[in-house]
Amino acid sequence: MSEVECAVGPAERTPVPAARSMRRYNAAVARKHAHGGVTALLSDVYYSVVIVGIAVLMAIGALGQLPVHEPPVGTSHATSLAGLTAVAYLALAGALIGSAGRLGPVGAGGAEATWWLPLPVDRRGLLRPNALRMVALGGVASAVVATVLAFAVPGGTSPGRSVAGVAVAGVAAVVVAGLLQVWTAARVAVRLGDLLLAAAPVAAAAAVLGSWQPESVLAVPWWGIGLLGAVAVGGAFALDALLGRIPARRLRESGAVAAQATGALVSLDTRELGRALGDRLARQQRRRSLRMRLVGGPVRALVVADALVLARSPRHLGQILVTALVPALVLATPDLTGSVQLALAFLVAGSFAMLATGEASRRAEMSPGVDRLLPMGATATRRARLIVPGVVMTLWTLVALGSVGLWRADPLPWLALAVLAGPAWAGGALRSAFRPAPKWDSALVSTPAGAVPLGAAAVLARGPDVVVLGLLPATIAVLAGSVPQTLLLVQAVATAIALRWGSSTETRTLMDRLAEAQEAAGEARK
Amino acid sequence: MSRARPPAVLRVSKLSVGWTGRPVCGQASFTLPAGRSLALVGPNGSGKSTLLRAILGLLEPLSGSVQLLGVEVDERRASFRAQVSAVLDDDAWFPALTVAEHLYLVARGHGVGDAQDEVDALLDEFGLTGHADVLPTALSSGQRRRLLLAAGLVRPRSLLVLDEPEQRLDTATRQLLAERLNAEKEAGGAVLVATHDPDLLAAVADRAVIVGDETRLVSTAEAVDALRPGVL
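Residues numbered from 1 in each chain as written. Chains lettered and ligands numbered in written order. Predicted model: local features only at pLDDT ≥ 70, side-chain atom pairs only at ≥ 80, totals over all residues. Heavy atoms only, no water.

### Quick word on the confidence of the model for chain B
Thinking step 1. Scored by pLDDT, chain B comes out at a mean of 93, with 96% of its residues at no less than 70.
Thinking step 2. On the interface metric, ipTM, the complex scores 0.93, and its pTM is 0.77. (pLDDT = per-residue confidence, 0-100.)

### Things to note about a nonpolar patch on the surface
All names here are of chain A.
Thinking step 1. Taken together, the side chains of Val340, Leu344, Val348, Phe352 and Leu479 define a hydrophobic patch exposed on the protein surface, amounting to about 430 Å² of accessible area.
Thinking step 2. Here the element with the most residues in the nonpolar patch is helix 14 (residues 339-357); it accounts for four residues.
Thinking step 3. Looking at the element boundaries, Leu479 is found in helix 22 (residues 472-480). (Patch = residues over 30% accessible without salt bridge, like charges linked within 9 Å, V, L, I, M, F, W, Y side chains within 5 Å. Areas by Shrake-Rupley, 256 points an atom, 1.4 Å probe, with all protein chains shown as cover. Salt bridge = Lys/Arg side-chain N within 4 Å of Asp/Glu carboxyl O. Helix = DSSP H or I, 4+ residues; strand = E, 2+ residues; numbered from the N terminus.)

### A short note on the interface of chain A and chain B
Thinking step 1. With 41 residues of chain A in contact, the opposing surface of chain B contributes 44 residues.
Thinking step 2. Where chain A abuts chain B, roughly 3,700 Å² becomes buried across the two surfaces, and 59% of that area is made up of carbon and sulfur atoms.
Thinking step 3. In this structure, the connection of chain A to chain B is made through four salt bridges.
Thinking step 4. Among the ionic pairs, Glu101 of chain B bridges to Lys32 of chain A, the shortest N-O distance being 3.4 Å.
Thinking step 5. Applying the counting rule to chain A against chain B returns 13 residue pairs in polar contact (both at pLDDT 80 or more).
Thinking step 6. Elements with a contribution of two residues or more to the side of chain A that touches chain B: helix 1 (19-33), helix 4 (110-116) and helix 9 (248-266) of chain A.
Thinking step 7. Here the side of chain A that touches chain B takes seven residues from helix 1 of chain A, the largest share from any one element.
Thinking step 8. A class-by-class count of the residues in the side of chain A that touches chain B yields 24 nonpolar, eight polar and nine charged. (Contact = heavy atoms within 4.5 Å. Buried area = accessible area lost by both parts, 1.4 Å probe. Polar contact = N/O pair within 3.5 Å; in protein donor to acceptor, adjacent residues only side chain to side chain. Nonpolar A, V, L, I, M, F, W, Y, C, P; charged D, E, K, R; others polar.)

### Considering the pairing of strand 1 (residues 8-16) of chain B
Residues and elements named next belong to chain B.
Thinking step 1. Bridging between strand 1 and strand 4 (residues 28-33) involves five bridges; their strand directions are antiparallel. If you follow Leu15 over to strand 4, its bridge partner there is Ala28.
Thinking step 2. As paired elements, strand 1 and strand 6 (residues 63-68) share five bridges and run antiparallel to each other. Opposite Leu10, over in strand 6, you have Leu68 as the bridge partner. (Pairing = 2+ DSSP bridges.)

Encoded structure:
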């Protein structure tokens, strides 16, 4: 840029430096102050490659081990695994475009927004590495998903071609989101992504009802992939040329989302990740809810507030609705139908639904001020928070186990089991919501997945541990294919334990408590 | 014979700002010539910061226009960013850069020739020399505010925009700030400042805009009066 005349400021002027030299200055200073060297960087890269490889191999292995049962007798509507894979690709496209739109895909948050964006240097040069990173990330994420699906659905298109095609499509999707960010608001990409994502369960239902049973998916020829690649590369060049046209306000918005999302990943908080990617587009102003008139005491206040949080979050409502249909979808896919797969689908889908019902509790854990103002003890408050997740998850379980009952042609015992098992999820939802954040400032453990804070596994296990215990009888019933009366009794006991455990306000671990009890006993003996 | 008027650095015409299509305050219209200063005053939430953000091109206005030196504001133009220095309520720092390195980054990025000398002089002026080599996160909130002010002054500019610069500053630094802003005007720069501080307002502003349902241009004395408790 030629020198601009300014009225005030330092007299001695030189030409404004290139953006690259500003980035290099930052990088050089960061290197100067850094404690690690190239070895640390290489070891980080090594760890990343190893963990992605291990995850992919584990997923492929697990999918290969799943037993394939005969299709259920009397099922008039069904789809094939390839049909489901096509739906999975539709969901992947939606998730990719939607996430790219929410994250910019080009953004500048935090220090970059404050210190870089006001500089009169070529903004395109500042943003280029960020844009390249997002495009590459889109390609890699798509390739990983495609690799798993390609090995899970043998036959048809060669795995190499599938992976290459999906990776190129992933790159193209992020590039399109980037171009939309330049020309319009990011909302267009977000809406497009959400539309595709919402279309996925509809497509799955249509595939089942229409008995769509393709033998393979994505039979795109190599020349087609090459053509798509050429379009993606052309789009990427266009995006690069237009980076300087993105207004600072959009860069700041998407940068802030990316920073919040990164924070959520570091604190291993999936709900916070959802909030980062969803809440900024949510309406900031709401009508005063009539439901608040129902408030007539602290317990009702909590219940109404929890219900309102859930009702005002379409993302979570959708999550609950879609996951409730997963067991039915597994039953309608002969290639997947089997007791083990069904039990896995029940537990995994239920866990996702459970997380959605714990949103209000998670917010209370992060901002406990309102709870502390209520004239109730901590335990009573915690128990009141079981009500909404309990009711919602009971309805969810009625749908999920009801479809199993219909499949087994004996729905009544399964519905009874659902009523008894449903509330157990609420225990898991609360235990998961009120879990502490991992302590990144304490000792770190070096693992093939990179540095992990001591106790991270225990933090992540809070919630799923209650699910395993509380839903064990129901899972056994799904595996065994029947609901004996004794099992109903056992389920009632397991649910009671899950509710008690999940609503406990105890923060110490069992080992800590045993050690302290032993210490106290020793002191008493003295 | 009429006196020659200084050229307008900033011209704001019927500017309406807000969120989701709803204006947060009445339309603003004013002109800020070189060598003058204008203050925005009003209670919390009246729309001062929103107006500043729209003037800086960081928020799309609902209607109206903003011109800098006769050209419509577009922060994507490097020449606009070279002319306008803004000190907002940002509190984000590069984790690896020290206090001095943050200032050096700004000075170098604006093509300041003797960047290190300028940085040293401002560190001294704002009482940060002893903290030059620490990370900004190790500073107190008031010291970080001083660092932001120094960053706004370490680079060339024609218009200086400040959003409540008196926040978190001690009395001595507020006086220093007032002196600095008056020096800015004397050097030919234009100053646009949003403030709640009647002393700063009286010491610096030539005119003021009371921001509210009916945004209006007033004299400094009237604005100082308006800042008394219970008036706005």
